[in-house]
Amino acid sequence: MSSLIHRLLKNRGLIFYILFIGYLITLHPGLIERLSEASLSNPDPLLGWIFLLSPFLELVGFWLKYPFLTYYTSDYPQKPSSWTVVVMVLLPVLHLGMSAFLFIVGTQIAGLQPAGNDPWYWQLLYVAGFFLMIIKEAGFLLLFLSLGGIKWTNKQQYPPEILLLKRLRKTIQKVQLKDLFEDTLGDIFLLIFSSMGYTALWEYAGMSSPFSTSVGFREYFYQLIGVLFYFVMVVPPLQAVYLLRDTVVRTTKRQRLWSGFQFALTLVAAFLSIARS
């Protein structure tokens, strides 16, 4: 029985695709309907709070997956290249922007954005929430740079063994069932985060998008450039953990082709959703 579970967890990619398709068929239509009715004058607190708290699922998921990711980076290291530098520098910046967008969208849907005549403490709470998001980003950046091979200091390569940082020192010599469970749970958290983030940042934004197909070629081309820029700003950062993994871990040609196909499919689906809105 344990060997069967081990095999299922190790080859869980198909299971996650089925779960995501199930989400699109069952939960996604109702979510879009609720989003279409949400506005500043008609907030949806439950949905807004889900979007606000989902980035913390990403942080927890990354933390859970970290030992398994370091196992891959130590056993299958990727030779550094100029692309590695681009990812290590640009992706954290884009991730911070994406998190800020998600905070703004979440507070707007939840009805938490303060108006000019609101009490001062409400304005202060909004700023405090934004700084909490920045602190969360600092935690993400810590995991991101550490996995990318950036030393803490010249004299200290690994983080201190205090509190949650102890996990960053955990090494896996031989993959156990417990390690696979933790890695799978991390994937589940990341799947929930990326699904919610995509819905909030792309499809909710698409509902109010001025994108129009009834324009001339030049205007249509400019719209496509703007949409592509926004896509790069918000969609790849939602998959930041996996993009980093594919950058620092050696992959096969088949895996690279599959990743490229997934990216192209996501891009086409995203553009179609904007064009239909």
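In this text, all values refer to a predicted model and were calculated from it rather than measured experimentally. (Residues numbered from 1 in each chain as written. Predicted model: local features only at pLDDT ≥ 70, side-chain atom pairs only at ≥ 80, totals over all residues. Heavy atoms only, no water.)

Peer 1: What's the story with the pattern of salt bridges in this structure? I'm lost.
Peer 2: Side-chain pairs of opposite charge can arise whenever the charged atoms involved come near each other. In the structure shown here, the tally under the stated rule is six salt bridges. Note that Asp44 and Arg34 form a salt bridge whose closest N and O atoms lie 2.7 Å from each other. Taken together, the residues span a long stretch of sequence, with Asp44 in the loop between helix H3 (28-37) and helix H4 (45-75) and Arg34 in helix H3 at a distance of ten residues. For Asp44, a relative accessible area of 11% puts it in the buried group. A residue is classified by how much of its surface remains accessible, and Arg34, at 36% relative accessible area, is partly exposed. In this structure, Glu58 engages Lys136 in a salt bridge whose closest nitrogen and oxygen atoms are separated by 3.9 Å. With Glu58 in helix H4 and Lys136 in helix H6 (residues 120-147), this pair connects stretches of sequence that are 78 residues apart. Here Glu58 falls in the buried class, since its relative accessible area comes to 1%. Accessibility expressed as a relative area gives 4% for Lys136, which makes it buried. Because the salt bridges share partners, they merge into one network encompassing Glu58, Lys136 and Glu137. (Salt bridge = Lys/Arg side-chain N within 4 Å of Asp/Glu carboxyl O. Helix = DSSP H or I, 4+ residues; strand = E, 2+ residues; numbered from the N terminus. Buried < 20%, exposed > 50% of the residue type's maximum accessible area, 1.4 Å probe, protein only.)

Peer 1: Which parts of the structure should I look at to understand a nonpolar patch on the surface?
Peer 2: Together, Trp49, Leu53, Phe56, Leu132 and Ile135 make up an exposed nonpolar region whose accessible area comes to about 500 Å². Contributing elements (two or more residues each) for the nonpolar patch: H4 and H6. Here the nonpolar patch gets three residues from one element, more than from any other, and that element is H4. Tracing the backbone shows Leu132 in helix H6. Overall, the relative accessible area of 45% leaves Leu132 in the partly exposed class. (Patch = residues over 30% accessible without salt bridge, like charges linked within 9 Å, V, L, I, M, F, W, Y side chains within 5 Å. Areas by Shrake-Rupley, 256 points an atom, 1.4 Å probe, with all protein chains shown as cover.)

Peer 1: What exactly am I supposed to notice about the packing of H4 against helix H5 (residues 82-110) here?
Peer 2: Between two packed helices, both the angle of their axes relative to each other and the distance between the axes serve to describe the pair. Following both chains from N to C, one finds H4 and H5 inclined at 160°, their axes separated by 6 Å at the closest point. It follows from the interaxial angle that H4 and H5 lie roughly antiparallel. With respect to the hand of their crossing, H4 and H5 are arranged in left-handed fashion. Seen from H4, the contacting residues are Pro45, Leu47, Gly48, Trp49, Phe51, Leu52, Ser54, Pro55 and Glu58; seen from H5, they are His95, Leu102, Phe103, Gly106, Thr107, Ile109 and Ala110. Looking at the contact of H4 with H5 residue by residue, the class counts come to ten nonpolar, five polar and one charged. (Axes fitted to C-alpha atoms, helices over the stretch in contact; angles between N-to-C directions. Parallel < 35°, antiparallel > 145°, perpendicular 65-115°, else oblique. Left-handed = near helix turned anticlockwise from the far one by under 90°. Contact = heavy atoms within 4.5 Å. Nonpolar A, V, L, I, M, F, W, Y, C, P; charged D, E, K, R; others polar.)

Peer 1: Could you clarify how one ought to interpret the packing of aromatic side chains in this entry?
Peer 2: Within a pair of aromatic rings, the relevant descriptors are the distance that separates the centres and the angle that separates the planes. Evaluation of the coordinates by the stated rule reveals six aromatic pairs. For the ring pair Phe101 and Tyr230, a centre distance of 6.4 Å and an interplane angle of 45° mean the geometry is tilted. In this pair, Phe101 is assigned in helix H5 and Tyr230 in helix H8 (residues 217-238), connecting sequence segments 129 residues apart. Where Phe103 meets Phe130, the ring centres are 5.6 Å apart and the plane angle is 75°; that geometry is what we call edge-to-face. Of this pair, Phe103 sits in helix H5 while Phe130 sits in helix H6; the two residues are 27 residues apart in sequence, bridging distant segments of the chain. Assessed through its relative accessible area of 30%, Phe130 is described here as partly exposed. (Phe/Tyr/Trp six-rings, centres within 6.5 Å; stacked < 30°, edge-to-face > 60°.)

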